[in-house]
Amino acid sequence: MIRDITIGQYYDADSVIHRLDPRVKLAFTLIYIVSLFVGHGPICYAYAAAFLAVVIVLSKVPVKFMVKGLRGMLMILIISALFNVFLVQGEVIFRWWIFTISKEGVRTAILMVVRLIFLVIGSSVMTLTTTPNDLTDGMERSLRFLKVIRVPVHEIAMMMSIALRFIPILIEEVNKIMKAQIARGADFESGGLIKKAKAMIPLLIPLFVSAFRRASDLALAMEARCYHGGDGRTKLHPLKYQAADYAAYAALLLYLGGMITMAVLLP
Amino acid sequence: MNIIEILHLIHEYKEYDENETETETVRAIDDVTLSIEEGSFVTILGHNGSGKSTLAKHVNALLLPTGGTVMLCGQDTLKTEELWTLRKNAGMVFQNPDNQIIASVVEEDVAFGPENLGVPTEKLEKRVEQALERVGMTAFRMNSPNRLSGGQKQRIAIAGMLAMKPKCILMDEPTAMLDPVGRREVIQTVHELNKQEGITILLITHYMEEAVDADRVIVMDGGRLIMDGTPKEVFSRVEELKACHMTVPQVTELAYELKKEGLDLPDGILTTEEFAEALWNLH
């Protein structure tokens, strides 16, 4: 049913990683990305791979879901590999017409691709194990310091969570309008790109009108329920670090420390 | 004691044409004076555009008067500086169940009001629990509101009000978008709240049937109060109600027509049982 659609790519399971505070998972993603850029050479990447493997096993999310995210990246991976292979100068190992392949080129291409793959899988660990709502909560808390420079963090988080709530409702509405327009003879299927785009107009206009009406209703309902911004607001489930969260932070720092040591010591 | 005190309330708004020039001033509420006793169940009837919703929105200061005063629990809505304590006293349930639920989990939506009021976390838990229990929705606590029926969503909305511990609840056509089952659920819930918790209820509707069990019925037309009394008094004035495009409950109309034809029936019959009783007594 359309009302059950999951937004993002959350994979429901009960694991240590799922239960972690969203802030920890945000930190994990950040630190992991940093570590990938700190490290160089096969040993560092083997280390990064081992760490990621442990996290994936702990998260109980099937590897197939992790790899899914890579499919969209395929083109970028191929292009960046080709660029590196052909354009990096160095000891020539193959030459044909205007193409030359160097040893260094092959080496950087492989490292670049591996780095990108880890990057994608590493960040999908976060989105696969955290519900969009938790993610919003986590971001609101971790970015709170931006309030000092007048970034409306609470308002942005509130908008995100309201958007999450209304996406399924609006999708259902699209279906309803579509059926109503088809019943009146609208044609959404045939024709070229331009004709199809034009056919969307009778779908989009009613959708926008209704979305605005909903927004105005919702604003009134929020005001009636005493909403007046983030100041002085309490939370039913405030984010609170548990022992496991501190342990996870420690593990992260240890991992990053290891990576930096390796990067410094290895040639 | 009167919880709501409205004195000579006037509300006007301006209409604009495409060039944003003023075309006319519409008087949505025209000199309404009304007081509502604490703990009572009042139904406001009226057809579309009669000003009934506008009137309700004045009570919790969503709209402010053009003229006259509105007092809620002794606070003047125009002069108050504590808008939130004022709104906390008068929860409002709206027509569209989808457009008033803010969170993606039932319990978090119920907590939204008290969260805004800054109720500490330890107490929130309890308030949410009690509010959900009051409307019989405890089992759905962790559900997504998207999977609930219209009646259930309205009960969640009511729970959201209860969690703020209001003195009165304003219901702005809460059943207009519901099926008969959902409608019964909602009306029954508010009646229970009124009887057991003593919460004042102001129910705005255009379903006459929902007015039958109220303590007091007010009829509005063209921004004015035209009738005010017990359901029996109001519904015995069938001709007047019809004159302002309203239909009385079926059984009341039948009794009225029979009476006109010469049957000796009492005025203002409201329920089928009452009607059957009266017919039996004739016999």
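Procedures and definitions
Residues numbered from 1 in each chain as written. Chains lettered and ligands numbered in written order. Predicted model: local features only at pLDDT ≥ 70, side-chain atom pairs only at ≥ 80, totals over all residues. Heavy atoms only, no water. Helix = DSSP H or I, 4+ residues; strand = E, 2+ residues; numbered from the N terminus. Rg over C-alpha atoms; globule rule 2.2 N^0.38 Å. Buried < 20%, exposed > 50% of the residue type's maximum accessible area, 1.4 Å probe, protein only. Contact = heavy atoms within 4.5 Å. Pairing = 2+ DSSP bridges. Domains from an automatic or database assignment. Buried area = accessible area lost by both parts, 1.4 Å probe. Salt bridge = Lys/Arg side-chain N within 4 Å of Asp/Glu carboxyl O. Polar contact = N/O pair within 3.5 Å; in protein donor to acceptor, adjacent residues only side chain to side chain. Expected span 1.5 Å × (residues − 1).

Participant: Describe the overall build of chain A, with residues and values.
Facilitator: A tally of helices and strands in chain A yields 11 helices and two strands. Counting helices and strands in the order they occur from the N terminus, chain A gives α-α-α-α-α-β-β-α-α-α-α-α-α. Against the 2.2 N^0.38 benchmark of 18 Å for 267 residues, chain A shows a C-alpha radius of gyration of 24 Å, more extended than a compact globule. Projected onto the principal axes, the alpha-carbon positions of chain A cover approximately 65 × 55 × 40 Å. Within chain A, buried positions represent 36% of all 267 residues. If you take every contact in chain A between residues at least 6 apart in sequence, the share linking residues at least 24 apart comes to 74%.

Participant: Account for the pairing of strand β4 (residues 67–72) of chain B, naming residues and giving values.
Facilitator: Residues and elements named next belong to chain B. As paired strands, strand β1 (residues 2–16) and β4 are joined by five bridges and run antiparallel to one another. From the neighbouring strand, I4 faces β4, where its bridge partner is L72. As judged from the two bridges shared by β4 and strand β5 (residues 75–76), these two strands associate in the antiparallel manner. Counted as the bridge partner of M71 is D76 from β5. Linkage of β4 to β5, two consecutive antiparallel strands, is achieved through a turn of two residues, within which C73 is found at a positive phi near 50°.

Participant: Go over the domain arrangement of chain A with me, naming the residues and quoting the values.
Facilitator: How big an interface is tends to be reported as the loss of accessible area on association of its parts. Domain annotation of chain A identifies domain 1 (2–131 + 239–265) and domain 2 (146–224). Relative to domain 2 of chain A, the C-alpha centre of domain 1 of chain A lies at a distance of 34 Å.

Participant: I'd like a rundown of the interface of chain A and chain B, residues and numbers included.
Facilitator: Taken together, the contact between chain A and chain B spans 29 residues of the former and 41 residues of the latter. Here chain A meets chain B over a buried area of about 3100 Å², counting both sides, of which 53% is carbon and sulfur. Interface area lost by chain A to chain B is led by A:R165, A:R225 and A:L236, which between them contribute 29%. Here A:R165 makes a salt bridge to B:D98, at a shortest N to O gap of 3.7 Å. Run the count over chain A and chain B and you get 16 residue pairs in polar contact (both at pLDDT 80 or more). Top element by residues in the side of chain A that touches chain B is helix α10 (residues 201–224) of chain A. It accounts for eight residues.

Participant: How would you explain helix α11 (residues 243–265) of chain A if you had to name every residue and give the values?
Facilitator: Residue and element names in this part refer to chain A. In this model α11 runs 33 Å from its N-terminal to its C-terminal C-alpha over 23 residues, within 8% of the 33 Å that 1.5 Å per residue would give. Listed in full, the buried residues belonging to α11 are D245, A248, L252, Y255, L256, G258, M259 and A263. Taken together, the buried residues of α11 touch α2 (22–38) and α3 (42–59).

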